[in-house]
Each structure stands twice: as structure tokens, then as C-alpha cells.
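One letter stands for each residue in the lines below.
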Amino acid sequence: MNPAAFIISIQSHYLDQFRVFVEEQRRNCIQGSAEVKFQIGEESGLFRGLCCVDFIKSDGQVEPAELQPDFVTFEPISGRLGLAELLIEQLQWNDVVIHHTLAASPLDQIGAWFQHWFDPDDERYVEGAEFGNIIHSLSIRPKALSVDFGTASPDAFWSLLALLEAAGTAGLRISSSQTQAS
């Protein structure tokens, strides 16, 4: 399978579920908003302590709601991205773990990527757009990045992999932090 077409299909599948989820949340509350950004602190383990909650109900008290999408199964996909070996074992758009071989993550480049794709200052906000085209969170661990790609386009995924490849990783393995229910 063509990896680019596959990523588009995974993202589209997630967005279809996200759209239904948001509509359902709106029907079940008086006041609420999709894709609400929060500063929750560095101790959270999230990059810059920032996250975006899928939906916030605010009927008297703030109540976050997160989509639990269904899991897509597929045979692993392997190939190359530049000089790096690429293996996509498991992929759930809101729970992507990117394993790499770098001794240290390229924090400056990741910071610039995050600034664009999380868009903390809403510089890319488009009035009337259905969704924000933003990631919902990022965390960095040794040799791994965990990303909730939220409503971001597939370009967010590919540009992050390209950034790691340009930094010299020999391998990229894509998985999920959750194990598939049997």
C-alpha cells in the first residue's frame, strides 16, 4: 500500500469519528467547544505543558470529553523515508508513538514544528473552519515522540518524520501506546 494514501485514510477515518463525536457532545450540552487549548504545566510530561482537549462542556462546570476512536487494523507497512528505514506497525491518529534512533531529540526543530502544528497563539486560526488543523499534544521521551495528531493534516505527520530523518535517525517505527483489544 502507498504509505501517503494510507496516512490520509487513517486521518480521514479519525476525522469522520471526531466530527460525529463533536456533534454528539454539542447535542448533549448547553455550552461547549471543540478543540480547547490548555496550559497544564511542564510536570504533565507534555511538550511546553500544552494540550488541546477534544471537547469541553461548560454547563456550570468545566467537563472535558475525549474521543475514544475505534481501532483500525492493518498489516505492517515498511519502506524508507530518505535515508531512514520506516515501519508502520500500528497507527491511531490520536495516539501515535514515533520511535527513532537518535541519541537526543532535535529540540529546536521539534519546537518550531510544535509552534506551527499546535499553534499556541492561534496564528493559523481560520474563522468558520470546521476544525483547527492542529495537533492536540506532544510528549518527548528518549528515542520516542508521542503525538495526538488531533485534527492536523497528514502534513503534520510527514513533516515530523522528515525532521527526524534530517536529524540523522536510521530508523522510524510507528506504533501506538495502546495495545489493540483482542
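Refer to the structure above for everything that follows.
Conventions adopted
In this convention, every chain numbers its residues from 1, walking through the sequence in written order. Per-residue local features of the predicted model are confined to residues with pLDDT of at least 70, and side-chain atom pairs are confined, for both listing and counting, to 80 or more; whole-chain, interface and lining totals are unaffected and use all residues. Side-chain metrics rest on all non-hydrogen atoms present in the structure, leaving aside hydrogens and water. Strands are runs of DSSP state E lasting at least two residues, helices are runs of H or I lasting at least four, and both sets are numbered from the N terminus onward. Two things to know: the radius of gyration comes from C-alpha atoms, and the globule rule equals 2.2 Å times the number of residues to the power 0.38. Accessibility here uses a 1.4 Å probe with only protein chains present; expressed as a share of the type maximum, an area under 20% marks a residue as buried, one over 50% as exposed, and anything in between as partly exposed. We call two residues in contact whenever any of their non-hydrogen atoms come within 4.5 Å of each other. All accessible-area figures derive from a Shrake-Rupley calculation using a 1.4 Å probe, and residue coverage is judged against the displayed protein chains alone. Under this rule, positive means Lys or Arg and negative means Asp or Glu; His and the chain ends count for nothing. Note that the charge is assigned to NZ on lysines, CZ on arginines, CG on aspartates and CD on glutamates. As a rule, the C-alpha atoms of each element are fitted with a line to give its axis, helices using only the stretch in contact, and angles between N-to-C directions run from 0 to 180 degrees. Should an angle fall under 35 degrees it is taken as roughly parallel, and over 145 as roughly antiparallel, whereas 65 to 115 is taken as roughly perpendicular and any remaining angle as oblique. Under the convention adopted here, Pro, Cys and the residues Ala, Val, Leu, Ile, Met, Phe, Trp and Tyr are nonpolar, Asp, Glu, Lys and Arg are charged, and Gly plus all remaining residues are polar. As used in this record, nonpolar core signifies buried Ala, Val, Leu, Ile, Met, Phe, Trp, Tyr and Cys residues forming a set joined through side-chain atoms within 4.5 Å. DSSP calls a pair of strands paired once it identifies at least 2 bridges connecting them. The reported arc concerns the directions from the helix axis to the C-beta atoms and nothing else.

Chemist: Which parts of the structure should I look at to understand the overall build of the protein chain?
Modeler: A count of helical and extended segments in the protein chain gives three helices and nine strands. Shown N-terminal to C-terminal, the secondary structure of the protein chain runs as helices and strands in the order α-β-β-β-β-β-β-α-β-β-α-β. Relative to the globule expectation of 16 Å for 182 residues, the C-alpha radius of gyration of the protein chain, 17 Å, shows essentially globular dimensions. Residues classed as buried in the protein chain amount to 46% of the 182 residues present. The contacts in the protein chain between residues at least 6 apart in sequence include a share of 66% that link residues at least 24 apart. Accessible surface for the protein chain amounts to roughly 9400 Å². Of this, 52% is attributable to carbon and sulfur atoms. For the protein chain, the distance from the average site of its 11 positive side-chain charges to the average site of its 25 negative ones is 3 Å.

Chemist: Hey, could you run me through the packing of helix α2 (residues 107–118) against helix α3 (residues 154–166) in this one?
Modeler: Axes are the key here: two packed helices are described by the angle between their axes and the distance separating the axes. At a minimum axis separation of 10 Å, α2 and α3 run at an interaxial angle of 170°. The angle between α2 and α3 falls in the class roughly antiparallel. Contact residues: Q109, I110, W113 and W117 in α2; D155, A156, S159, L160 and L163 in α3. Across the contact of α2 with α3, the residue classes tally to six nonpolar, two polar and one charged.

Chemist: Looking at this structure, I do not really get the nonpolar core. What am I missing?
Modeler: Side chains of nonpolar character tend, in soluble globular proteins, to be buried together. With 47 residues, the main nonpolar core has L91, W113, I135 and F149 as its most contacted residues. No other element matches the eight residues that helix α1 (residues 3–27) contributes to this core. Residues within four places of I135 in sequence aside, it is in contact with C52, W113, F114, W117, F118, V147, D148, F149, G150, A152 and A156.

Chemist: What should I look at first to understand the environment of P120 in this one?
Modeler: Among the secondary structure elements, P120 is positioned in the loop between α2 and β7 (137–141). Judged by relative accessible area, P120 falls into the partly exposed class, the value being 25%. Spatially, the C-alpha atom of P120 lies 9.3 Å from that of F38, the residues being 82 residues apart in sequence.

Chemist: Whenever I open this one, the pairing of β7 confuses me. Can you help?
Modeler: Side-chain direction in a regular strand flips from residue to residue, so the side chains alternate between the two faces of the sheet. Examined bridge by bridge, β7 and strand β8 (residues 144–148) share five bridges and lie antiparallel to one another. Bridging from a neighbouring strand, S139 pairs with S146 of β8.

Chemist: Would you take a moment to explain the sheet that holds strand β2 (residues 50–58) for this structure?
Modeler: Across the sheet, three strands lie side by side as β1-β2-β3; this open sheet has antiparallel pairing. The sheet is open, and its two borders are formed by β1 (32–39) and β3 (62–65), each paired with just one other strand. Strand-to-strand, the axes of this sheet are offset by a mean angle of 50°, without reference to chain direction. In terms of strand pairing, β1 meets β2 through seven bridges, oriented antiparallel. If you follow Q39 over to β2, its bridge partner there is L50.

Chemist: Even after reading the chapter, I still don't get the environment of C29, so can you show me in this structure?
Modeler: As for its position among the elements, C29 is in the loop between α1 and β1. Residues C29 and S58, 29 residues apart in the sequence, show an inter-C-alpha distance of 7.9 Å. Sequence-distant contacts of C29, that is, excluding residues within four places in its chain, are made with F55, K57 and D59.

Chemist: What should I look at first to understand α2 in this one?
Modeler: Spacing of three or four residues puts side chains on the same side of an α-helix, whose turn is 3.6 residues. Buried within α2 are the following residues: I110, G111, W113, F114, W117 and F118. For α2, the arc enclosing every buried residue in end-on projection is 165°, short of the 170-degree limit, so these residues lie on one face. Residues of α2 that are buried sit in contact with β1, β2, β7, β8 and α3. The first or second residue beyond α2 is D119, which carries a positive phi of 55°.

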